[in-house]
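Given next are the chains, with one letter for each unit.
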Amino acid sequence: MLLKSGGIVILDFGSQTAQLIARRVRAAGVYAALLPYEALYTDAQDAVPDFRGIILSGGPASVYVPQAPQLPGWVLESGVPVLGICYGMQLLAHQLGGKVSPAPDREFGFAELAIWENAGLFEGLLPQERVWMSHGDHVEVPPAGFTSLAKSPGAPYAAMGDPQRGWYAVQFHPEVTHTVHGQVMLHNFVIGLCGAAQTWNPHDFIDASVASVQAQVGEGRVLLGLSGGVDSAVAGALLQKALGDRVVPVFVNHGLMRVGEAEAVVRTFGTDLKLNLHAVDATEEFLSALAGVTDPEEKRQTIGRLFVETFEAAAQHVGAFQWLGQGTIYPDVIESAGTDRPGAQRIKSHHNVGGLPVRMQGRVVEPLRDLFKDEVREVGTALGLPDEIVWRQPFPGPGLAIRCLGEVTWERLETLRRADDIFTSELRIAGLLRNATAQAFAVLLPVKSVGVMGDGRTYEEVVALRAVATDDFMTADWARLPNDLLARVANRIVNEVRGVNRVVYDITSKPPATIEWE
């Protein structure tokens, strides 16, 4: 296939940002395939015919410990340029005769990079660049043939290269947005040094996905889990393009939606878009199952199990189906450490990844599984979906259950709903809901604090506000909202929402935090 030929192979050593490397390569118009580090040369050729370069991801291991992931022998024998990132750099150094050791000064976060030469990887960049570090080990002695290309305060070899063989390595992470010109560096490698083919775009992805879905599903029918968010909406549009009326969307109202959202989903997809939508109200079933559950992993697993059971029950009304369609995207898979990523560590399971029972394995079709949120939006626009769907604020499949920390009850959900509605309404009025925030919501905390209202003592719950700015949702920074807006929101919540007497604002980036609290 043209869009796959001449692309880049990325070997995954378990990094939480491995797929983000692929996203950045795709942003350069080049197809990228992410493969487990155990992949064979033949596997790589199947994934990317005539691949032009190899990128080695980061990972949580230390290269010098027993059973650490090793570099496949075919990588250095392939004859194409190789770029090692973080663990990938240390792996190149270790296996080529250099020395990797624990760093005297670990680096986590921003670092100033001093670049020796404005060429190759660093073509067009300044002598000083701001990059994102996340390492406890470093290259102490580079292998023979490698020279230093840059340094940072904690890494004397923050970048090294052997231009004659086309092998390069960096200790920092060019794939994250915190590395200011990381996209330029990757573009320099992929286009300038590898000469990869620029054939990747949303329209080609749509064509490839349609063909893939048709091959996977055959003559079967798909029951689509429609949440009303952008992911499931775009997945539904893709599935419908591939299968027509053999896609039956089912919307499950689990009682964990935002204010007016369940009604909006039915109106948008059933009335406006005229899909053959089947709406199921399972509020009582979900709340009963969540009664007394406080552990976030148990919440997600419970909701995932009930989703599947509800979909299967819905089949009695819509006719037999052979496949379950979902809007799973790659951040879900990455944080759940999916079974196709054996080197990764699980951050949190997602209801649509870790919550599926064994009987559904092999019966799930997920056309967006390899995409990030910004790519999903591009595909949605290319499919002709309206902006109000494509740019809807992200909402997790488990809904308010993972924003209602502690036990989930109807009363606490109603408190959270009202607080969340006040926050997002004020952002919308100020024109900041889309332009300044990629995601914004309220969280109800499982703690109480002392307050005073009307000269009387109160002991009530606390609401946390969360708003972030991000493109890919793998890294995010807290949104710098105007103080007067935050003051107005806090004042409205404590005055209009009974049971709340304190409001706080979350100013933590991702990493180290996740966007959601659970």
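What counts, and where the lines are drawn
Residues numbered from 1 in each chain as written. Predicted model: local features only at pLDDT ≥ 70, side-chain atom pairs only at ≥ 80, totals over all residues. Heavy atoms only, no water. Pairing = 2+ DSSP bridges. Helix = DSSP H or I, 4+ residues; strand = E, 2+ residues; numbered from the N terminus. Contact = heavy atoms within 4.5 Å. Axes fitted to C-alpha atoms, helices over the stretch in contact; angles between N-to-C directions. Buried < 20%, exposed > 50% of the residue type's maximum accessible area, 1.4 Å probe, protein only. Salt bridge = Lys/Arg side-chain N within 4 Å of Asp/Glu carboxyl O. Disulfide = S-S within 2.5 Å. Core = buried A, V, L, I, M, F, W, Y, C linked by side-chain atoms within 4.5 Å. Phe/Tyr/Trp six-rings, centres within 6.5 Å; stacked < 30°, edge-to-face > 60°. Lys NZ or Arg CZ within 6 Å of the ring centre and 35° of its normal. Lys, Arg positive; Asp, Glu negative; His and termini not counted. Polar contact = N/O pair within 3.5 Å; in protein donor to acceptor, adjacent residues only side chain to side chain. Parallel < 35°, antiparallel > 145°, perpendicular 65-115°, else oblique. Left-handed = near helix turned anticlockwise from the far one by under 90°. Nonpolar A, V, L, I, M, F, W, Y, C, P; charged D, E, K, R; others polar. Expected span 1.5 Å × (residues − 1). Arc of directions from axis to C-beta.

Observations regarding the sheet that holds strand E12 (residues 278–281)
Hydrogen bonds along the backbone pair up the strands of a sheet, which may run parallel or antiparallel. Here 5 strands make up an open sheet; going across it, the order is E12-E11-E10-E13-E14 and the pairing parallel. Each edge of the open sheet carries a strand with a single partner, namely E12 and strand E14 (364–365). Summarising the sheet, strand E11 (residues 247–253) and E12 pair through 4 bridges and their orientation is parallel. When the bridges of E12 are listed, phenylalanine 251 appears paired with alanine 279. Along the sheet face, helix H10 (residues 296–318) touches strand E10 (222–225), E11, E12 and strand E13 (323–325) and points at about 125° away from the line of E11.

Re helix H4 (residues 87–95)
Of all 9 residues in H4, 7 are buried; the element is thus mostly enclosed. Considered for burial, the residues of H4 that qualify are Tyr87, Gly88, Met89, Gln90, Leu91, Leu92 and Ala93. Directly after H4, the chain includes glycine 97, whose backbone phi takes a positive value near 100°.

Details of the sheet that holds strand E7 (residues 147–152)
Ordered in space as E2-E1-E3-E4-E9-E8-E7-E5-E6, the 9 strands form an open sheet in which the pairing is mixed. What marks the edges here is a single partner per strand, and that holds for strand E2 (32–36) and strand E6 (128–141). The average angle at which neighbouring strand axes cross in this sheet is 25°, direction not considered. Where strand E5 (residues 99–115) and E7 come together, 2 bridges link them in antiparallel fashion. By the bridge assignment for E7, alanine 114 is matched with lysine 151. Contacting strand E3 (53–56), strand E4 (82–85), E5, E6, strand E8 (155–162) and strand E9 (167–170), H4 crosses the sheet at an angle of about 115° to E4.

Some thoughts on the pattern of salt bridges
What the rule picks out here adds up to 20 salt bridges. Here arginine 258 makes a salt bridge to glutamate 261, at a shortest N to O gap of 2.6 Å. For the residue pair arginine 258 and glutamate 261, the accessibility class agrees, reading buried in each case.

Regarding the state of the cysteines
Scanning the model with the defined rule gives 0 disulfides in all. No disulfide involves cysteine 194; its sulfur sits 20 Å from the nearest other cysteine sulfur, which is in cysteine 86.

Notes on the nonpolar core
Within the largest apolar cluster, 60 residues are counted, with the highest numbers of intra-cluster contacts made by Leu11, Ile54, Leu56 and Leu368. With 8 residues, helix H7 (residues 230–243) is the single largest residue contributor to this core. Discounting chain neighbours no more than four positions away, the residues touching leucine 56 are Leu11, Phe13, Leu71, Val75, Val82, Leu83, Gly84, Ile85, Gly88 and Leu92. Grouped together as the second largest cluster of nonpolar side chains are 55 residues, Val250, Leu277, Val318 and Cys404 included.

Comments concerning the packing of aromatic side chains
Inspection of every chain in the model, using the stated rule, returns 10 aromatic pairs. Seen from their ring centres, tyrosine 41 and tryptophan 74 are 5.8 Å apart, and the 65° between their planes marks the pair as edge-to-face. Taken together, the residues tyrosine 41 in helix H2 (residues 41–47) and tryptophan 74 in helix H3 (residues 73–77) connect sequence positions 33 residues apart. For tyrosine 41, a relative accessible area of 36% gives the class partly exposed. Among the aromatic side chains, those forming a connected cluster through ring pairs are Phe13, Tyr37 and Tyr87. It is arginine 130 that lies over the ring of phenylalanine 110; its NZ or CZ is 3.8 Å from the centre. Cation over ring: arginine 417 sits above tryptophan 410, and NZ or CZ is 4.8 Å from the ring centre.

Re the side chain of aspartate 137
Mapped onto the elements of the fold, aspartate 137 is located in strand E6. Buried and without a salt bridge, aspartate 137 has arginine 106 as its closest oppositely charged side chain, separated by 8.6 Å. When near neighbours in sequence (up to four residues on either side) are disregarded, aspartate 137 contacts Ser62, Tyr64, Gln90, Val100, Ser101, Pro102, Ala103 and Gln171.

Some remarks on the environment of serine 288
The topology assignment puts serine 288 in helix H9 (residues 283–290). A relative accessible area of 55% places serine 288 in the exposed class. For serine 288 and threonine 310, which are 22 residues apart along the polypeptide, the C-alpha to C-alpha distance reads 14 Å. Within the local environment of serine 288, its side chain forms a polar contact with the backbone oxygen of glutamate 284, the two atoms lying 2.8 Å apart.

Points about the pairing of E5
Where E5 and E6 come together, 12 bridges link them in antiparallel fashion. Bridge pairing in E6 links glutamate 107 to histidine 135.

Notes on the packing of helix H14 (residues 410–429) against helix H15 (residues 483–496)
Relative orientation of the contacting elements H14 and H15 amounts to 150°, with a least axis distance of 10 Å. Relative to H15, the element H14 lies roughly antiparallel. For the element pair H14 and H15, the recorded crossing hand is right-handed. On H15, the residues touching Ala419, Ile422, Phe423, Glu426 and Leu427 of H14 are Leu485, Arg488, Val489, Arg492, Ile493 and Glu496. Class assignment for the residues of the contact of H14 with H15 results in 7 nonpolar, no polar and 4 charged.

Regarding H15
The end-to-end C-alpha distance of H15 is 20 Å, a good match for the 20 Å that 14 residues give at a rise of 1.5 Å each. Leu485, Leu486, Val489 and Ile493 are the residues of H15 that are buried. Buried residues in H15, looked at end-on, bunch into an arc of 100°, giving them a common side. Facing away from the buried side of H15 by over 90 degrees, the exposed positions are Asn483, Asp484 and Asn495. Against the buried residues of H15 lie H14, strand E16 (456–469) and strand E18 (500–505).

Details of unusual backbone geometry
That bond from lysine 510 to proline 511 is cis: its omega, -10°, falls within 30 degrees of zero. Relative to the helices and strands, proline 511 resides in the segment after E18. The omega torsion across proline 511 and proline 512 is 10°, close enough to zero to call that bond cis. Non-glycine residue aspartate 50 carries a positive phi angle of around 55°. For aspartate 50, a relative accessible area of 40% puts it in the partly exposed group. Here glutamine 67, not a glycine, exhibits a phi torsion of approximately 65°, which is positive. Relative to the assigned elements, glutamine 67 resides in the loop between E3 and H3.

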